[in-house]
Amino acid sequence: SQQGEEDPQALSIQEGENATMNCSYKTSINNLQWYRQNSGRGLVHLILIRSNEREKHSGRLRVTLDTSKKSSSLLITASRAADTASYFCATAGGTSYGKLTFGQGTILTVHP
Amino acid sequence: DTAVSQTPKYLVTQMGNDKSIKCEQNLGHDTMYWYKQDSKKFLKIMFSYNNKELIINETVPNRFSPKSPDKAHLNLHINSLELGDSAVYFCASSRGQGLSYEQYFGPGTRLTVT
């Protein structure tokens with residue numbers, strides 16, 4: 001069954017604005033990862049946050065994790081047209097086999 | 001240099017045919033994966049190999065058979081193709097099979113069954 005669920009399903013903003021995407025999951029996790037997928041391409045890893053971490057930054061990306069609420073958020077600051085893509089959260093936990101369970105993604109459109 | 005490559009990029013075939021998709025990674029990773037992404041963008045793991053050994057085998061019809069001739073290659077063979085097999089198939093790799101490794105994805109193979 002699907003573990004992560006992203007919200008919103010689609011987000012449309014103007015360049016320069018911030019974009020926030022949320023992910024909720026159901027079972028306990030070891031870590032949570034965010035990936036980006038440009039149209040017609042494979043997924044690209046953005047950031048990994050472990051279950052004992054609350055916040056992580058990478059460039060214009062900020063990820064938070066609240067294990068008590070089983071949720072995570074991805075914030076992209078000062079968005080650019082090139083950030084237009086689908087963003088997926090993926091959870092890992094329960095086994096040691098590296099199995100990632102993906103949500104259905106948020107489609108982000110950044111208008112120039 | 002492409003880190004994870006897949007061939008072909010597009011595959012159009014008729015129901016009942018047998019087809020293969022090939023994947024190669026030049027990252028020196030030990031673990032490789034096959035994912036299926038449906039029309040609603042839902043991405044689901046199918047198989048995973050670590051050092052040529054099958055470690056994840058999700059509930060996938062046995063018409064799908066992965067083969068790993070060496071740890072840099074993971075191929076997917078599909079027998080008796082059905083309309084519902086139409087999807088984008090992604091290969092991925094990671095440094096290890098543990099939980100804390102990021103995965104590197106190939107560009108995908110869009111399979112259309114008519």
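Source: prediction; values computed, not measured.

1. A look at the overall build of chain B
Argument step 1. Across its full length, chain B holds zero helices and 11 strands.
Argument step 2. Summarising its shape, the C-alpha atoms of chain B cover approximately 40 × 30 × 30 Å along the three principal directions.
Argument step 3. Here chain B, with 114 residues, has 44% of them falling under the buried criterion.
Argument step 4. Across chain B, contacts joining residues at least 24 apart in sequence account for 55% of those joining residues at least 6 apart.
Argument step 5. Of the charged side chains in chain B, 13 are positive and 11 negative; the average position of the first set lies 5 Å away from that of the second.

2. Concerning the overall build of chain A
Argument step 1. Scanning chain A for helices and strands turns up zero helices and 11 strands.
Argument step 2. Each helix (α) and strand (β) of chain A, taken in turn from the N terminus, gives the series β-β-β-β-β-β-β-β-β-β-β.
Argument step 3. A globule of 112 residues ought to have a C-alpha radius of gyration of about 13 Å, and chain A, at 13 Å, matches this closely.
Argument step 4. For the C-alpha atoms alone, the extent of chain A along its principal axes is close to 45 × 30 × 20 Å.
Argument step 5. Considering only contacts within chain A whose residues lie at least 6 apart along the sequence, 55% involve residues at least 24 apart.
Argument step 6. For chain A, the exposed surface amounts to about 5300 Å²; the carbon and sulfur share of it is 45%.
Argument step 7. Charge centroids of chain A, computed over 12 positive and 9 negative side chains, lie 7 Å from each other.

3. Topic: the sheet that holds strand β3 (residues 19–25) of chain B
All names here are of chain B.
Argument step 1. Ordered by their spatial adjacency, four strands build an open sheet running β1-β3-β8-β7, and the pairing between neighbours is antiparallel. At either margin of the open sheet sits one strand with a lone partner, and together these are β1 (4–7) and β7 (64–70). Sheet twist, expressed as the average angle between the axes of neighbouring strands with direction ignored, equals 20 degrees.
Argument step 2. The sheet contact formed by β7 and strand β8 (residues 73–78) spans five bridges and is antiparallel. Looking at β8, one finds that Pro-66 is bridged to Leu-76.

4. Details of the pattern of salt bridges
Argument step 1. Counted by the stated rule, this structure contains eight salt bridges over all chains.
Argument step 2. A salt bridge links A:Glu53 to A:Lys56, with the shortest nitrogen-to-oxygen separation between them at 3.9 Å.
Argument step 3. Exposure remark for A:Glu53: the relative accessible area of 23% places this residue in the partly exposed category.
Argument step 4. Note that B:Asp85 and B:Arg63 form a salt bridge whose closest N and O atoms lie 2.8 Å from each other. Placement of the pair is B:Asp85 in the loop between β8 and β9 (87–94) and B:Arg63 in the loop between β6 (53–57) and β7, with a sequence separation of 22 residues.

5. Brief notes about the sheet that holds strand β1 (residues 5–7) of chain A
Residues and elements named next belong to chain A.
Argument step 1. Strand order in this open sheet of five strands is β1-β3-β8-β7-β6, and the pairing throughout is antiparallel. Each of the sheet's edge strands pairs with one partner strand only, and the pair in question is β1 and β6 (55–58). Ignoring strand direction, the axes of neighbouring strands in this sheet form an average angle of 20 degrees.
Argument step 2. Strand direction decides the pairing type here: β1 and strand β3 (residues 19–24), joined by three bridges, are antiparallel.

Calculation rules
Residues numbered from 1 in each chain as written. Chains lettered and ligands numbered in written order. Predicted model: local features only at pLDDT ≥ 70, side-chain atom pairs only at ≥ 80, totals over all residues. Heavy atoms only, no water. Helix = DSSP H or I, 4+ residues; strand = E, 2+ residues; numbered from the N terminus. Buried < 20%, exposed > 50% of the residue type's maximum accessible area, 1.4 Å probe, protein only. Contact = heavy atoms within 4.5 Å. Lys, Arg positive; Asp, Glu negative; His and termini not counted. Charge placed at Lys NZ, Arg CZ, Asp CG, Glu CD. Rg over C-alpha atoms; globule rule 2.2 N^0.38 Å. Areas by Shrake-Rupley, 256 points an atom, 1.4 Å probe, with all protein chains shown as cover. Pairing = 2+ DSSP bridges. Axes fitted to C-alpha atoms, helices over the stretch in contact; angles between N-to-C directions. Salt bridge = Lys/Arg side-chain N within 4 Å of Asp/Glu carboxyl O.

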